[in-house]
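# Architecture and fold: a report
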Amino acid sequence: MANAPKLLHRSILTTAETPRVETVPPGRRWIVTNIVLANSSLDATTATVKLDGVVLVPGVRLEPTAILTVDCAQILTTGTTITLYASAAESIAAHVSGVEGDA
């Protein structure tokens, strides 16, 4: 199968105790190209994004109504994960997009 654009993750983040996790399916490879984090709350909140356990966005503080956009080209192979969480539940919306292809 050819590489194809893909929505890898979209959610409202919860806290570090209950992170959102996406796992690359068997026989597939993801290339993460864009991460968007948006704080819709009236309070400053931090957000963390890890790719296969390695911190990419390290507890970045987002002021009320702030948006953070990360453009990257990170390859994730079968079984690796994207983990996202915030310091306050229901405050940060996350959108991760990229490309999916054969491993």
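See the structure above.
### Observations concerning the nonpolar core
Ranked by internal contacts, the top residues of the largest apolar core, which has 21 residues, are Val 32, Leu 37 and Ile 82. Looking at this core, the elements with two or more residues in it are strand S3 (28-39), strand S4 (45-51), strand S5 (54-62), strand S6 (67-77), strand S7 (81-86) and strand S8 (92-102). Here the element with the most residues in this core is S3; it accounts for four residues. When sequence neighbours within four positions are dropped, the list of residues in contact with Val 32 reads Leu 8, Leu 51, Cys 72, Ala 73, Gln 74, Leu 76, Ile 82, Val 96, Ser 97 and Gly 98.

### A closer look at the environment of Thr 14
With respect to the helices, strands and loops of the structure, Thr 14 is situated in the loop between strand S1 (4-12) and strand S2 (20-23). Expressed as a C-alpha distance, the spacing of Thr 14 and Ala 93, which sit 79 residues apart in the sequence, is 9.6 Å. Filtering out sequence-adjacent residues up to four positions away, Thr 14 remains in contact with Pro 19, Arg 20, Tyr 85, Ala 86, Ala 89 and Glu 90.

### Description of the side chain of His 9
Tracing the backbone through its elements, the reader meets His 9 in strand S1. In this structure His 9 comes out as buried when scored by relative accessible area, which is 3%. At 2.7 Å, the side chain of His 9 and the side chain of Ser 11 are in polar contact. Ignoring any residue separated from it by four or fewer positions in sequence, one finds His 9 in contact with Arg 20, Glu 22, Leu 84, Ala 94, His 95 and Val 96.

About the criteria used
- Residues numbered from 1 in each chain as written.
- Predicted model: local features only at pLDDT ≥ 70, side-chain atom pairs only at ≥ 80, totals over all residues.
- Heavy atoms only, no water.
- Core = buried A, V, L, I, M, F, W, Y, C linked by side-chain atoms within 4.5 Å.
- Buried < 20%, exposed > 50% of the residue type's maximum accessible area, 1.4 Å probe, protein only.
- Helix = DSSP H or I, 4+ residues; strand = E, 2+ residues; numbered from the N terminus.
- Contact = heavy atoms within 4.5 Å.
- Polar contact = N/O pair within 3.5 Å; in protein donor to acceptor, adjacent residues only side chain to side chain.

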